[in-house]
Amino acid sequence: DLVVNRYIRFHNLTYKSHNLEYGLNWDNGGKIRYRAYAMEQFKYYTDRRSSTPFDTDSEKTRKDIYHEGGIKATVYPNKSLIFSGTAAWLRNDSSDQFQDFNDYESVRLSGFVLWKINQDWKWVGYGGWTYKEYDDRRISFTSNNPERDTSFYLGNELTLSLGDNWDFVCSYTHNQNGSNVL
């Protein structure tokens, strides 16, 4: 994948990225499917310089390498029901050197349930939780404790088939973030 995120008013946030994902799938005959995967994302910021250890801009543009690995299990108990869950480990390494402000490790749990109610209706419920701990981002100037963030989301989607190639979709997602920052 090649992704370009352009921020019109904040050029220093604009980046392009390349994603590489590889995995191993195993299917036990139709009822349960497993996937172990790894992913690497390479981000190149077009208008942002890497910081030096003294919090000044270096001559080099900022680059991040994002690593992710996880396992996913999907269960198909019958033709109208699917359960799926994923557990993942994540790591971001930035070329910024001042306080390693953008380097972190994280774990994520997520999943969904899909229920095909009948020929015209289907419902999907989904959710996830993430815990992120920064390497050297401190919760205050006088603390040695690293910043720790949590987030979770819950949502659902109801779909009505209107015929060939047309669906009506109604969805709602709740997001909530937390941090130990004062």
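Going by the structure above, here's the rest.
In this convention, every chain numbers its residues from 1, walking through the sequence in written order. Where totals are concerned, whole chains, interfaces and linings use all residues; where local detail is concerned, this predicted model gives features only for residues with pLDDT of at least 70, and gives and counts side-chain atom pairs only at 80 or more. Where side-chain values are given, they derive from all heavy atoms of the structure, hydrogens and water being excluded.

Chemist: So what exactly am I meant to see when it comes to unusual backbone geometry here?
Modeler: Where the residue is not glycine, phi is negative for most of them; where a peptide bond is considered, it is trans in most cases. Positive phi values are uncommon outside glycine, yet asparagine 165 reaches one of about 65°. Residue placement: asparagine 165 occurs in the loop between strand S8 (146–163) and strand S9 (166–179). Categorising residues by exposure relies on relative accessible area from a 1.4 Å probe, with only protein chains included: less than 20% of the type maximum marks a residue as buried, more than 50% marks it as exposed, and the intermediate range marks it as partly exposed. Overall, the relative accessible area of 80% leaves asparagine 165 in the exposed class. Only DSSP runs of H or I with at least four residues qualify as helices, and only runs of E with at least two residues qualify as strands; both kinds are numbered from the N terminus onward.

Chemist: I tried to follow the environment of lysine 16 on my own but got confused; where do I start?
Modeler: Tracing the backbone shows lysine 16 in strand S2 (residues 15–27). Taking C-alpha positions, lysine 16 is 9.9 Å from lysine 63, a pair spaced 47 residues apart along the chain.

Chemist: Explain the pattern of salt bridges to me, please; I cannot follow it from the model alone.
Modeler: Side chains that carry opposite charge are capable of pairing whenever their charged atoms lie near each other. In what follows, salt bridge is the name for a side-chain nitrogen of Lys or Arg lying within 4 Å of a carboxyl oxygen of Asp or Glu. This structure, assessed with the given rule, holds 5 salt bridges. The salt bridge partner of aspartate 27 is arginine 33, with a shortest N-O separation of 3.0 Å. The exposure class of arginine 33 is partly exposed, given its relative accessible area of 37%. A salt bridge links arginine 91 to aspartate 93; its shortest N-O distance comes to 2.9 Å.

Chemist: Where do I start with the pairing of S8 in this structure?
Modeler: Paired strands, in this sense, are two strands between which DSSP finds at least two bridges. The pairing of S8 with S9 spans 14 bridges and is antiparallel. When the sheet's bridge partners are listed, glycine 155 is paired in S9 with threonine 173. The antiparallel pairing of S8 with S9 creates a hairpin that spans 2 residues between the two strands, and asparagine 165 there sits at a positive phi of about 65°.

Chemist: Looking at this structure, how should I read the nonpolar core?
Modeler: Counting residues in hydrophobic clusters, the biggest one holds 7 residues: Tyr37, Met39, Tyr66, Ala88, Leu90, Tyr104 and Tyr134. Those elements that place two or more of their residues in this core are strand S3 (32–51) and strand S5 (81–94). Residues in contact with tyrosine 37, not counting those within four places in the same chain, are Glu21, Tyr22, Gly23, Glu68, Gly69, Gly70, Ile71, Thr86, Ala88 and Arg108. Side-chain atoms within 4.5 Å are what join buried Ala, Val, Leu, Ile, Met, Phe, Trp, Tyr and Cys residues into a set we call a nonpolar core. Whether two residues are in contact is decided by their heavy atoms: any pair within 4.5 Å suffices.

Chemist: I keep staring at the packing of aromatic side chains and nothing clicks. Help me out?
Modeler: Each aromatic ring pair is summarised here by two numbers: the centre-to-centre distance and the angle between the ring planes. To pair, rings of Phe, Tyr and Trp, with the six-membered ring standing in for Trp, must have centres within 6.5 Å; the planes then decide the type, stacked if under 30 degrees apart, edge-to-face if over 60, and tilted in the middle. All told, the structure shown has 4 aromatic pairs when counted by the stated rule. Each ring, one from tryptophan 26 and one from tyrosine 34, has its centre 5.4 Å from the other, and the planes form 25°; the classification is stacked. A centroid spacing of 6.4 Å and a plane angle of 20° characterise the contact between tryptophan 129 and tyrosine 131, whose relative ring orientation is stacked. Since its relative accessible area comes to 25%, tyrosine 131 is described here as partly exposed. Only when the NZ atom of a Lys or the CZ atom of an Arg is both within 6 Å of the ring centre and within 35 degrees of the ring normal do we say a charge sits over the ring. Residue placement shows lysine 132 over the ring face of tyrosine 104; its charged tip is 4.3 Å from the ring centre.

Chemist: Would you explain the environment of arginine 148 in this entry?
Modeler: Counting through the fold element by element, arginine 148 comes out in strand S8. Beyond its immediate sequence surroundings of up to four residues, arginine 148 is in contact with Tyr131, Lys132, Glu133, Gly178, Ser179 and Asn180. Within the local environment of arginine 148, its side chain forms a polar contact with the side chain of tyrosine 131, the two groups lying 3.3 Å apart. Counted as a polar contact is a pair of N or O atoms within 3.5 Å, where, for protein atoms, one must be capable of donating a hydrogen and the other of accepting one, and residues adjacent in sequence contribute only when both atoms are in side chains. Polar contacts involving the side chain of arginine 148 include one to the side chain of glutamate 133, which spans 3.1 Å.

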